[in-house]
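# Understanding the architecture of this molecule
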Amino acid sequence: MFVEVVFQMPFRKAFTYSVPKELEEFVKVGVRAVAPFGKRTLTGFIINIPDSISLKRDEVKPITDILDDRAIFTKKSIKFYEWLAEYYLCSLGEALKLLVPQGTDVESKKKIVVDKEFVNELLLKEKRKDSVNFKLLLELSQKNEISFTSLQKAVKKKNIYSQIRKLHNQGAVTIVDEIKEAAVKIKKVKYVKLAKSIAEIYSSFPELDRNSPKQVKILLKLIEAKDIAFPAAELLHKTESSQSSLNGLEQKGLVKIFEKEVDRRFKEHYEEKHQQLILTEDQQEVVDEVSGSLNEDEFKTYLLHGVTGSGKTQVYIELAKKVLEKNKSVLILVPEISLTPQITSRFFNNFGETVTVIHSRMSAGERYDSWRRVLNGKSKVVIGARSALFAPLDKIGLIVVDEEHDASYKSFEMTPKYNARDSAVMLGSIFKCPVVLGSATPSIESMYNAEIGKYKLLSLPKRIDDVKLPKIIFVNIAHEKNKSKTETVFSKVLLDKIEDRLKKKEGIIILQNRRGFSTQIFCSDCGEVEMCENCSVPMVYHINQNKIQCHYCGLIKPVPGACTHCGSINIKYFGTGTERVEDELQFYFPNAKVERIDSDSITKKAYLSNLLLSFSKCEIDILVGTQMVSKGLDFARVTLVGVISAETTLWLPDFRADERTFQLLTQVSGRAGRSKAEGEVIIQTYNERNFVLKKVFENDYSGFYAKEKADREKMGYPPFTRIALIESKDKDINKAKGAITDFYKEIIKFKKLLKISDPTTAQIFKLMNNYRYHILIKSFKDKDPGGSVLRKAILDSWTEFNKKSRFRDVNLFYDVDPQSIM
């Protein structure tokens, strides 16, 4: 028996292995296999069981283990991963790795065991102190053992294998292969129950009472439990007994100790009362329209354009009910974990334990158990951020992408760099089910797709119960500062409005889309800004921990007492982050309860859920936050939203800057006035005449879309083109530049078919100690509708680059449909 296996590596081919007799019964397409790969052991995916092979049997290595009891992908679902690999230019193995939770693979790691005495002798003989060999010996002389990866990082060089092999041959080090087992496994807990009848247990009491009174306490607790098994740890804690007492009872045959699998279920602390809601006419029309596709098992993409507060979530719930009646499953994607507490609570109220949540704030064990629950068919409704797209759901009947415009649906850190929204549409086409893309501010691409008939446009033009949209007021902050001559974050108008709402005990949300206290530290004497040494961005001052931090690489340094360039103590703090907004609010309103929501403040588990619960119970007066507070939060008590600076995203050098600003301001405005109490939005700006801000004020999505579409067509950006961003990065500036130049020599051969920019430095030139260069490639959709020309050009150029370039060891990345070109 033979199998074809793909690995989580950039090889676009499958590898053939033989199957040992003892594993043959467990082998099937769709399970993971552990197999030797070169000198390593890796986990791969079995994608085929061929009847015969062209290789000789002794040329084929055997697999060593099978990890899954059942197939984790099917013939239908593998089509999705094949599309993902083709469209986002990765291998099938790299696409399939998205399917399994992290920490469940088996792999080997090379470890270097050091003879320190011998290494120190070699170090003394090494004359060139700047050589790689000297750096290696110096690092090894301080360790008993070290992994290859740690050593590569320490000496800042990847290719150290030849030097280590030489040291190994000399006897200075020994290279050991260690098999690293899966880090995440099924959790089992010891349980205890009575092994005899209660009458027999009672008859043993006189003897036990004399010799082991603690054992009597254990038995009495188990009798009280009435045939229900007790967790051993809890039983010992409640009876103040030891493990030896329990073991003694087991030896006497009075109790049975056994292991039981425990389901680690993530629980949101945020809860809402279940309400029986009657759909509005508009909501019912949307449900009826999508139900047509549900009943026909038909793939169709619907763009649901509903104003903020129009009841999109209730539409999703009603559609989910219809899908579950057909014994099919539902996938709900949300862009941020900040949205999951509220939407999860509403789905749990309607569907109970069949709902499973998947997102990054869960522990590895909780994610693994959620995944297994879905795989085993116990959960039919999955809610989560973009990674939930890969939950192993069977018979998908409905896919919903809420806040479809959100940039966080795009993966930009790992391979493949997929867009969960676009991928969800493809998944729907494979499972022949409707896909609903919901938003109050649809992306330009989605609205264009609706305009040309690719998507069906549905509308919810009014808020529930005919609640009015909030009143928007612009305050010119430049005029305010000239009047008051102070450097406060808040205008007088906004402070007065906050004071008024606090007196009425109404909720307030304040948006400032920057973290930290001050976003720049500036020297008045030499004019220098305190920059990150690893990235070409300013360090941000965090007052709570009294530190400065880079928000890109995470570098933390103490707050400088003087300018690090010229030594002057005349340094000033500029820019406003959420910490400063929180600090000033506490100064102006000392009796108000203020809390902050940003990625710095919600690192603790369940912190966000508890915060939102407290806000809903009126225990918190003001929520301050970054864009997290703009998305999906639905609190009837919020009547005031304040925006500290409208320009935060508007001035970014990116073709989506206007769209992002319009979406952010419209979305955060929609948090206000979601009940009978009228809402107000105060937006502080330096230029209220800006076109984008005018359209926010008029709540005119159509007007904004028309102008943005015309601008994109004129400049050759999506939705009229498909774009790809090529990036080279390396710690050596000359290598990064050399790699992008060599790649450009290959890709420019396709200039008749594509529009290709010259290589340029990235907007953020240095990031995490790597220098970055970009090439932007545009493919016009009228000539290349599916993007196949673009993908072929990139892959062919990549192949030639790897054959010819002396910079082939430089990191070169490609991103199809990037959300940002910075």
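Before going into details, it helps to say that this report is about the structure given with it. Keep in mind that what you see is a predicted model, and the values were worked out from it rather than measured.

### Quick notes on a positive patch on the surface
A cluster of basic side chains, namely Lys 135, Lys 156, Lys 157 and Lys 731, defines a positive patch on the protein surface. As for its placement among the helices and strands, Lys 157 is situated in the loop between α5 (148–155) and α6 (161–170).

### Focus: the sheet that holds strand β11 (residues 255–261)
Read from one edge to the other, the open sheet built from three strands follows the order β10-β9-β11, with strand pairing classed as antiparallel. Two strands lie at the open edges of the sheet, namely β10 (230–231) and β11, each paired on one side alone. In terms of strand pairing, strand β9 (residues 188–194) meets β11 through seven bridges, oriented antiparallel. Within β11, the residue paired with Val 189 across the bridge is Lys 260.

### Quick word on the sheet that holds strand β27 (residues 622–625)
If you trace the six strands from one edge of the open sheet to the other, you get β19-β29-β28-β20-β27-β26, paired in parallel fashion. Looking at the sheet topology across the chains shown, the edges are occupied by β19 (471–476) and β26 (594–597). Each neighbouring strand pair of the sheet contributes to a mean axis angle of 20 degrees, computed without reference to strand direction. Note: strand β20 (residues 507–511) against β27, four bridges, orientation parallel. Residue Ile 510 lies in a different strand from β27, and its bridge partner there is Val 624. Strand contacts of helix α22 (residues 657–669): β19, β20, β28 (638–643) and β29 (680–685), with the helix running at about 155 degrees to β28, the strand carrying the most contacts.

### Examining the environment of Lys 322
Tracing the sequence through the fold places Lys 322 in helix α13 (residues 312–325). Among the residues examined, Lys 322 registers a relative accessible area of 35% and is labelled partly exposed. Placed 76 residues apart in sequence, Lys 322 and Leu 398 show a C-alpha to C-alpha distance of 9.6 Å. Excluding residues within four positions of it along the chain, Lys 322 makes contact with Val 287, Ser 291 and Leu 294.

### A short note on the packing of aromatic side chains
Applying the stated rule across the entire model yields 37 aromatic pairs. When the centroid spacing of 6.2 Å and the interplanar angle of 20 degrees are considered together, the rings of Tyr 368 and Trp 371 count as stacked. Placement of the pair is Tyr 368 and Trp 371 together in helix α15 (residues 364–375), with a separation of three residues, close to one helical turn. In this structure Tyr 368 comes out as buried when scored by relative accessible area, which is 12%.

### Some words on the pattern of salt bridges
Opposite charge on two side chains lets them pair, provided their charged atoms get close. Applying the stated criterion across every chain yields a total of 44 salt bridges. Across the pair Glu 708 and Arg 712 runs a salt bridge whose closest N-O atoms are separated by 3.1 Å. Taken together, the residues span about one helical turn, with Glu 708 and Arg 712 both in helix α24 (residues 701–715) at a distance of four residues. Of the residues examined, Arg 712 reaches a relative accessible area of 3% and is grouped as buried. We note a salt bridge from Asp 809 to Lys 735, for which the minimum N-O separation is 3.9 Å. Of the two residues, Asp 809 sits in the loop between α26 (788–804) and β34 (811–816) while Lys 735 sits in helix α25 (residues 733–747), which places them 74 residues apart along the sequence. On the basis of relative accessible area, Lys 735 is assigned to the partly exposed category, the value being 31%. In this structure, a network of salt bridges that share partners links the residues Lys 497, Asp 500, Arg 501, Lys 504, Glu 506 and Glu 680.

### Looking at the packing of α25 against α26
Where α25 contacts α26, the two axes come as close as 9 Å, and the packing angle between them is 125 degrees. Between α25 and α26, the angle is such that the two are oblique. When the axes of α25 and α26 are compared, the crossing they make is right-handed. Facing α25, whose interface residues are Ala 739, Asp 742, Phe 743, Glu 746 and Ile 747, α26 presents Ala 793, Ile 794, Ser 797, Trp 798, Glu 800, Phe 801 and Lys 804. The residue inventory of the contact of α25 with α26, partitioned by class, reads seven nonpolar, one polar and four charged.

### Here we look at the state of the cysteines
Going through the model one piece at a time under the given rule, you end up with zero disulfides. In this structure Cys 532 is a free cysteine whose sulfur lies 3.6 Å from that of Cys 553, the closest cysteine sulfur available. We classify Cys 532 as buried; its relative accessible area is 6%.

What counts as what
Residues numbered from 1 in each chain as written. Predicted model: local features only at pLDDT ≥ 70, side-chain atom pairs only at ≥ 80, totals over all residues. Heavy atoms only, no water. Patch = residues over 30% accessible without salt bridge, like charges linked within 9 Å, V, L, I, M, F, W, Y side chains within 5 Å. Areas by Shrake-Rupley, 256 points an atom, 1.4 Å probe, with all protein chains shown as cover. Salt bridge = Lys/Arg side-chain N within 4 Å of Asp/Glu carboxyl O. Lys, Arg positive; Asp, Glu negative; His and termini not counted. Charge placed at Lys NZ, Arg CZ, Asp CG, Glu CD. Helix = DSSP H or I, 4+ residues; strand = E, 2+ residues; numbered from the N terminus. Pairing = 2+ DSSP bridges. Axes fitted to C-alpha atoms, helices over the stretch in contact; angles between N-to-C directions. Contact = heavy atoms within 4.5 Å. Buried < 20%, exposed > 50% of the residue type's maximum accessible area, 1.4 Å probe, protein only. Phe/Tyr/Trp six-rings, centres within 6.5 Å; stacked < 30°, edge-to-face > 60°. Parallel < 35°, antiparallel > 145°, perpendicular 65-115°, else oblique. Left-handed = near helix turned anticlockwise from the far one by under 90°. Nonpolar A, V, L, I, M, F, W, Y, C, P; charged D, E, K, R; others polar. Disulfide = S-S within 2.5 Å.

Read these as spatial facts, not as claims about activity.
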